[in-house]
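So the chains spell out like this:
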Amino acid sequence: MLCVCQDRRRQLMTNHTATHLLNFALRDVLGEGTEQQGSLVAPESLRFDFSVKTLTGKQLRFCEEIVRGLITANETVFTEECSLDVAGKINGLRLLPGAAYPNPVRVVSVGVGLDQLLTDPSGPAGTTASVELCGGTHLHNTGSIGAFVVVAGRVMGKAVRRVTALTGQAAVDALSRGEILEHQTVELCAEVDSIKNQPDFDCSAYSSKVSALKEEVVALPISAALLEELEDKLKVSRKAIEKIIRARQKKALVLVRKKLKSLPASAAPVVFMPELGELVYHGLASLKYGELPVILLSEIEGKLCGMAFVPEVIGTERLNAFEWATKLQGMVGGQCKTVENLVAITGASLDQVETAAAQAQAFAVQKLGMD
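The present account deals with the structure reproduced in this document. Since this is a predicted model, take the numbers as computed values, not measurements.

### Focus on the overall build of the protein
What the protein contains, in helices and strands, is ten helices and twelve strands. By the compact-globule yardstick of 21 Å for 371 residues, the protein is too spread out, its C-alpha radius of gyration being 33 Å. Dimensions along the principal axes, computed over C-alpha positions, put the protein at roughly 105 × 45 × 35 Å. Residue pairs at least 24 apart in sequence account for 69% of intrachain contacts in the protein once pairs closer than 6 positions are excluded. Considering the protein, the positive charge centre built from 39 side chains and the negative charge centre built from 42 side chains are found 6 Å apart.

See the structure below:
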C-alpha cells in the first residue's frame, strides 16, 4: 500500500507555488526578456535559474517585496485545464523554453482564473499575474506560503543567474537572523565611524571585529539583498580602518628613520621606541634598510615587543635574524616567530630591556666581525 508523506507534500506545494510567484516577480522587475532556464523544488528550499545579464541586490529586494505582497494578499491559486492552442493565446503566459507540453495542458494562475483569462486572451490580465503551464502540486492560496526570502544569488553561466529561496519557518529564521546581523553591523560601523579619528583607536581590535562579523554574516542563510548591503557597510568600515593603518605606518616610518639618523654609527642597532606601540611592526617592515640589520623594540600593554630584520645581502651564515632575536629573548622572555623575512618578538618583559638591547647589539657586532 502506497501512502503520501503529508508534511513533505505540503513543503513541496509551498515551495512550488512560491517558485511561480518568484518567476512572476523576476519578470516584473527585470523585464519580459527574462526567461526561466530551470528550477528545483525541494522540501527545504526552492531554486530558480533564469536569463539575465546583471542582477543586483536591490533588484532581488524588489522581487522579494512583490512575492511577499502576493502572499499577504492571499491570492487564490487556480489550476484548470484547456487545449494547448487556447492556452498559448494567453498574453503573459510563462513557458519553459524548449519544453514539450501535452495536450490538453494544465494552467496554473494566481489571482485570476482561466475563464477570466480566456475572456480576453490578448488583454493585460495575464501580464499582471502569475500564469504558467504546470502539472505539479500547489497550494490553494498564496497566504499559506508564510514567510519568503531569497537567500542566495549566483552566476551560472553567460547571462544566466540562479537564486535560492526559503519559505515558511526556514524563511522566518533567516529573516530573524538577518535582523540581528543588520543591527550588529550598523552598530559596529557607526562605532568605527565615530571613534576612528581618536589617537587611541585600536585598529587591530576593530579590524578583527569587522572580520569576525563578516564571517558571521556569510556563514548562515540570510536575505541575499541584505547580505550585499551588510557586506558593503563592512567594506566601508574596513577601508576606513586600513586608511588609518596606512597613515600610522607612514608616521611610524618617519619616526623610525628620524631615530636611526640620530644614533651613533652602528653596524647593527637595537632601538627601543616605546612611543610606537603596535606600530613597531609596521615601522620596520615599511623601511628599505639595504645593508642595515636592525632590531626595533616597543611596548604594547606593558609587554616588550618588536621586530628583527637582517637583509639578504648579509646572509644568514653571518647573522641570522631568528638567532639574533632569540639572543635578546633569552634575557627578556616572550616568543620569537618568523614572519616573511622578519622575526617578531612578542610578550617579553620590559625589566631588562636596556641590558638586553645592549647585549643583542654586541652579539650582532661580534657576528658581523665589526668589534
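Here the narrative resumes, following the displayed structure.
### Examining the layout of surface pockets
Of the pockets and cavities examined, the largest pocket occupies roughly 300 Å³. Lining the largest pocket are 14 residues, with Pro 199, Phe 201, Arg 248, Glu 278 and Leu 279 sitting closest to its centre. Per-element tally for the lining of the largest pocket: the top contributor is helix α7 (residues 224–262), with three residues. Across the lining of the largest pocket, the residue classes tally to six nonpolar, one polar and seven charged. If you trace the second largest pocket, you find 17 residues lining it, with Gln 36, Ser 39, Leu 96, Glu 132 and Leu 133 closest to the centre. Elements that contribute at least two residues to the lining of the second largest pocket include exactly α1 (6–30), β1 (36–41) and β5 (131–133).

### Focus: the side chain of His 20
Checked against the element boundaries, His 20 lands in helix α1. Look past the residues within four positions of His 20 in its chain and what remains in contact with it is Val 108, Ser 130, Glu 132, Cys 134 and His 138.

### Quick look at the packing of helix α2 (residues 57–72) against α7
Orientation of α2 relative to α7, taken along the N-to-C sense of each, is 145°, at an axis distance of 8 Å. As for the relative orientation of α2 and α7, their crossing is left-handed in sense. For the pair formed by α2 and α7, the contact residues are Gly 57, Leu 60 and Arg 61 on the first element and Ala 224, Ala 225, Leu 226, Glu 228 and Glu 229 on the second. Class assignment for the residues of the contact of α2 with α7 results in four nonpolar, one polar and three charged.

### Digging into the packing of aromatic side chains
For the coordinates displayed, the defined rule picks out two aromatic pairs. Aromatic pair Phe 48 and Phe 50: ring centres 6.1 Å apart, planes at 25°, arrangement stacked. Classification of Phe 48 as buried rests on a relative accessible area of 1%. Plain terms: the ring middles of Phe 201 and Tyr 206 are 5.0 Å apart, the flat faces sit at 20° to each other, and that makes the pair stacked. Here the two residues Phe 201 and Tyr 206 agree in accessibility, since each one is buried. The ring centre of Tyr 206 lies 4.4 Å from the NZ or CZ of Lys 209, which sits over that ring.

### Overview of helix α10 (residues 353–367)
Here α10 spans 21 Å end to end across 15 residues, near enough to the 21 Å set by a 1.5 Å rise per residue. Of all the positions in α10, only Val 353, Ala 356, Ala 357, Ala 360, Phe 363, Ala 364 and Val 365 are classed as buried. Of the residues trailing α10, Gly 369 is marked for its positive phi of about 70°.

### Describing helix α6 (residues 203–219)
Between its terminal C-alpha atoms α6 stretches 24 Å, which fits the 24 Å expected from 17 residues at 1.5 Å a residue. On the buried face of α6, the contacting elements are α5 (168–195) and α7. With a side-chain oxygen lying 3.3 Å from the backbone nitrogen of Ser 204, the N-terminal cap of α6 falls on Asp 202.

### With respect to the side chain of Thr 17
Within the element layout of this structure, Thr 17 appears in helix α1. Thr 17 gets classed as buried once you look at its relative accessible area, which sits at 1%.

What counts, and where the lines are drawn
- Residues numbered from 1 in each chain as written.
- Predicted model: local features only at pLDDT ≥ 70, side-chain atom pairs only at ≥ 80, totals over all residues.
- Heavy atoms only, no water.
- Helix = DSSP H or I, 4+ residues; strand = E, 2+ residues; numbered from the N terminus.
- Rg over C-alpha atoms; globule rule 2.2 N^0.38 Å.
- Contact = heavy atoms within 4.5 Å.
- Lys, Arg positive; Asp, Glu negative; His and termini not counted.
- Charge placed at Lys NZ, Arg CZ, Asp CG, Glu CD.
- 1 Å grid on protein atoms, 1.4 Å probe; cavity = no way out; pocket = protein on both sides within 12 Å on 5 of 7 lines; lining within 4 Å.
- Points joined across faces, edges and corners; volume = space filled by probe spheres on them.
- Nonpolar A, V, L, I, M, F, W, Y, C, P; charged D, E, K, R; others polar.
- Axes fitted to C-alpha atoms, helices over the stretch in contact; angles between N-to-C directions.
- Left-handed = near helix turned anticlockwise from the far one by under 90°.
- Phe/Tyr/Trp six-rings, centres within 6.5 Å; stacked < 30°, edge-to-face > 60°.
- Buried < 20%, exposed > 50% of the residue type's maximum accessible area, 1.4 Å probe, protein only.
- Lys NZ or Arg CZ within 6 Å of the ring centre and 35° of its normal.
- Expected span 1.5 Å × (residues − 1).
- Polar contact = N/O pair within 3.5 Å; in protein donor to acceptor, adjacent residues only side chain to side chain.

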